[in-house]
Structures are given as C-alpha cells and as structure tokens.
Amino acid sequence: MSYAFDPEIAPAVSLLPTVDLDDLPAAREFLETVFAERQGEVDTTGITIREELVPGPDGAPDVRVRIYTPDRIAAPAAILNVHGGGFIIGNLEIDHTSNLRFARELGVVVVSVDYRLAPEAPYPGGLEDCYAALTWLAKNAAELGVDPARIAIHGISAGGGLCAALALLARDRGGPAIMFQYLGVPEVDDRLETPSMRAFVDTPQWNRPRAEISWDSYLGEGVRGSADVPVYAAPARAVDLSDLPPAYVSVMEFDPLRDEGIAYAQALLASGVTTELHLFPGTFHGSSSVEHAAVSKREVAEALTVLARALDVER
C-alpha cells in the first residue's frame, strides 16, 4: 500500500532498519546497536546522571531507574519517563537523548524507568515496575529537589500506553499525585479493531502484525480481544476516566495506533479531563527519528512546550 508521507520523511523510509520481532533476543540486540550508533557521543554537559535500584513490586526484583538532574533547576518539578518498544523491547538508552533534552531545556529532574519486558514478564510486570518507580519518586521528592505535587508522566508508544495505565492505577489506588500525562502515540487498545489498525498492515516501524505480537506477548497468547483484559492492561477499555490528570495525546497520520489514540483523547474529554490532541500529518510511527524534517522538529518543540506549560516551568 502506498502512503502520502511528508516529502521530507518519505526518502528515509527505505533506509529504516528492519527488525524481526519473531526473534526477540536478536531484535533487542540489534536495536541496542542501532541506538548506540545513532546517538554517538551524547552531550551530557550541565546534567548529572546516575542510576539507582529502587524497591520493586512485592515479590519482584528492584527496578532500575536513571536520574537526570540539571545544574540549572528552573522549577521543583519532575518527569517520570516510560520508554516505548511494544512492551517487548527497549531499555534506558532509547530515550536517553530526549531525557537529556527535557532536563536541560526544561530545568527539571527526569527519572527514566527500566521496567521488565514481556513476554518474560507479562502484564502486570512492567506496569507494576512503573508504579514502583512513581512511588519511589514521590517518596524521595524532597531529596531530589522535587515538589511531589509537580510530577508529570511521559511515554511514547507502549510507554504512552503504560503511562495511561499508570494514571488509572494511581487514581484507583490512591497513589502518588500525577500532575500531567503526556501520551505520545499511545498503545492502549488490545482489540485491534479500529479502522487505522485494520488498514495499516505494512506501515514503517509499526503495523498490525507487530501489534499482534506485542499484545500477545504482553497479555499471553489468546487473551487479546477477549472479555478478560483489565483496563490497567488496555486503558481504552476503561469506562470511567474521570479524575485523571490533564493529558496531551499525539497521533501520527499513517500509524495503526492513530485511531485508538484519538478515541482515548475523546474518552478523556467526555469524562471531563482537560485534554489536548494533535495529529501530525504525513507521519508514521516513530517518524520523528527523521530529525531534519520540519514536522519532526515541530513534534519535539511541542513536547517541550506542552511539558513546560503543564509543570509551570518558565523557559
């Protein structure tokens, strides 16, 4: 199928790395190499970076987090970052560059979570790791120089889905306060029934066949689409989204996740949650990796603007 990609993005499609998710160990190793080569020498000037093991969920291992503390603190706020990767790939390196950007340009602390991956740790493993990290961040806010009432959560793709679930979980457990949820191209619906999910079977980076592998790994074979999937696994199934933090939702035009992101934003609005929704035209899932494209630059700039406004940071 042909797609009307943005003219600055289209030439890069044939150059994107091809990843076979049927062989997860190889896919993980390959992507680690790709990200390392793409990042090269990263400028960490003005940022103190450290890693720490924080208490994990009951009966589970401790959770590794990476903490970015800028020399210039603009506000006593923090961002909890949850990386993407379809619940099955990814680590702290995926968002290393963007986390540095958030810390440096916003002047806030960033805590990134190295949650357990499926299928080795299916739902709710990764989500509970994220909740443990959020709890640790709130409890240690004073030591980190953070106001516990000024914590935003940020995630892209599966990270966005986990953040949506994290907001629901924190609300229902009476857990740490979340000031804002940034849901970038969120993966929130296991039913795979939206028009975009049905249509985009061969789009770059993410498509329906990959979504099937993702959900089968996260939920277990034969579970997706059934009546037994909890809202904390697939937030699109939630009926009551009231009393959740304000949200920003982004979607890409030629992304199978497009329509579920739009529907989730609409559901948040219907529940009285202040929500901003932005569809970026001519884009596909992960097309922001084509950094020179104007639409990619707008996406990056908007993330900074949205988070600054949400956390009341003066830039």
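Rules used in this analysis
- Residues numbered from 1 in each chain as written.
- Predicted model: local features only at pLDDT ≥ 70, side-chain atom pairs only at ≥ 80, totals over all residues.
- Heavy atoms only, no water.
- Axes fitted to C-alpha atoms, helices over the stretch in contact; angles between N-to-C directions.
- Helix = DSSP H or I, 4+ residues; strand = E, 2+ residues; numbered from the N terminus.
- Parallel < 35°, antiparallel > 145°, perpendicular 65-115°, else oblique.
- Left-handed = near helix turned anticlockwise from the far one by under 90°.
- Contact = heavy atoms within 4.5 Å.
- Nonpolar A, V, L, I, M, F, W, Y, C, P; charged D, E, K, R; others polar.
- Expected span 1.5 Å × (residues − 1).
- Buried < 20%, exposed > 50% of the residue type's maximum accessible area, 1.4 Å probe, protein only.
- Polar contact = N/O pair within 3.5 Å; in protein donor to acceptor, adjacent residues only side chain to side chain.
- Core = buried A, V, L, I, M, F, W, Y, C linked by side-chain atoms within 4.5 Å.
- Salt bridge = Lys/Arg side-chain N within 4 Å of Asp/Glu carboxyl O.
- Pairing = 2+ DSSP bridges.

Student: Lay out the packing of helix α2 (residues 96-106) against helix α9 (residues 294-310) with the relevant residues and their values.
Tutor: Closest axis-to-axis distance for the α2/α9 pair is 11 Å, and the angle between their directions is 50°. When the axes of α2 and α9 are compared, the pair comes out oblique. Here α2 and α9 pass one another in a crossing that is right-handed. On α9, the residues that touch Arg-101, Phe-102, Glu-105 and Leu-106 of α2 are Val-300, Ala-303, Leu-304, Leu-307 and Ala-308. Residues that form the contact of α2 with α9 fall into these classes: seven nonpolar, no polar and two charged.

Student: Explain the packing of helix α3 (residues 125-139) against helix α5 (residues 158-173) to me, and be specific about the residues and the numbers.
Tutor: As a packed pair, α3 and α5 sit with axes 10 Å apart at the nearest point and diverge in direction by 65°. Like other packed secondary-structure pairs, α3 and α5 cross with a definite hand, here right-handed. Taken together, the residues of α5 that come into contact with α3 (itself represented by Gly-126, Leu-127, Glu-128, Cys-130, Tyr-131 and Leu-134) are Leu-162, Ala-165, Leu-166, Leu-169, Ala-170 and Arg-173. Classifying every residue of the contact of α3 with α5 gives nine nonpolar, one polar and two charged.

Student: Summarise α5; cite the residues concerned and give the values.
Tutor: Compared with the 22 Å implied by 1.5 Å per residue over 16 residues, the 22 Å span of α5 between its first and last C-alpha is a close match. Among the 16 residues of α5, 13 are classified as buried, and the element is accordingly described as predominantly covered. Of the residues trailing α5, Gly-174 is marked for its positive phi of about 65°.

Student: Let's hear about the side chain of Ser-112: which residues, and what values?
Tutor: In this fold, Ser-112 is placed in strand β4 (residues 109-114). Assessed through its relative accessible area of 1%, Ser-112 is described here as buried. In this structure the side chain of Ser-112 is engaged in a polar contact, spanning 3.4 Å, whose partner is the side chain of Asn-99.

Student: Residue-level account of the nonpolar core, with values.
Tutor: Core analysis: the biggest nonpolar cluster contains 69 residues, and Leu-80, Tyr-218 and Tyr-264 have the highest contact counts within it. For this core, the element with the most residues is α5, which contributes ten residues. Beyond its immediate chain neighbours, meaning those up to four positions away, Tyr-218 contacts Phe-87, Ala-118, Pro-122, Tyr-123, Leu-127, Leu-162 and Ala-233. Of all hydrophobic cores here, the second largest spans 37 residues; its members include Leu-16, Val-110, Val-185 and Val-295.

Student: Describe the pattern of salt bridges, naming the residues involved and giving the relevant values.
Tutor: Under the criterion given, the structure shown has 15 salt bridges. With a closest N to O distance of 2.8 Å, Glu-51 and Arg-66 form a salt bridge. Here Arg-66 lies in strand β2 (residues 63-70) and Glu-51 lies in strand β1 (residues 47-54), a separation of 15 residues in the sequence. With a closest N to O distance of 2.8 Å, Arg-309 and Glu-276 form a salt bridge. Residue Arg-309 is found in helix α9, and its partner Glu-276 is found in strand β8 (residues 275-284); the two are separated by 33 residues along the sequence. The class for Glu-276 is partly exposed, based on a relative accessible area of 29%. One continuous salt-bridge network, built from bridges that share partners, spans Glu-51, Arg-64, Arg-66 and Glu-93.

Student: Give me the lowdown on the pairing of β2, citing residues and values where you can.
Tutor: Here β2 lies mainly inside the structure; six of its eight residues are buried. Relative to β2, β1 runs antiparallel, the two being bridged by eight bridges. Following the sheet pairing, Ile-49 is matched in β2 by Tyr-68. One ladder, built from five bridges, connects β2 with β4; its direction is antiparallel. Across the sheet, residue Arg-64 finds its bridge partner in β4, namely Asp-114.

Student: Let's hear about the sheet that holds strand β6 (residues 180-184): which residues, and what values?
Tutor: Pairing within the open sheet is mixed, and its eight strands lie in the order β1-β2-β4-β3-β5-β6-β7-β8. Each edge of the sheet is formed by a strand with only one pairing partner; in this case those strands are β1 and β8. On average, each strand axis in the sheet is tilted by 20° relative to the strand beside it, whichever way the strands run. Here strand β7 (residues 247-254) pairs with β8 via seven bridges, running parallel. Directly across from Ser-250, in β8, lies its bridge partner His-278. Along the sheet, α3 contacts β1, β2, β3 (78-82), β4 and β5 (151-156); its crossing angle with β3, the most-contacted strand, is approximately 165°. In the packing of α5 onto the sheet, contacts are made with β3, β5 and β6, and the angle to β5 comes to roughly 145°.

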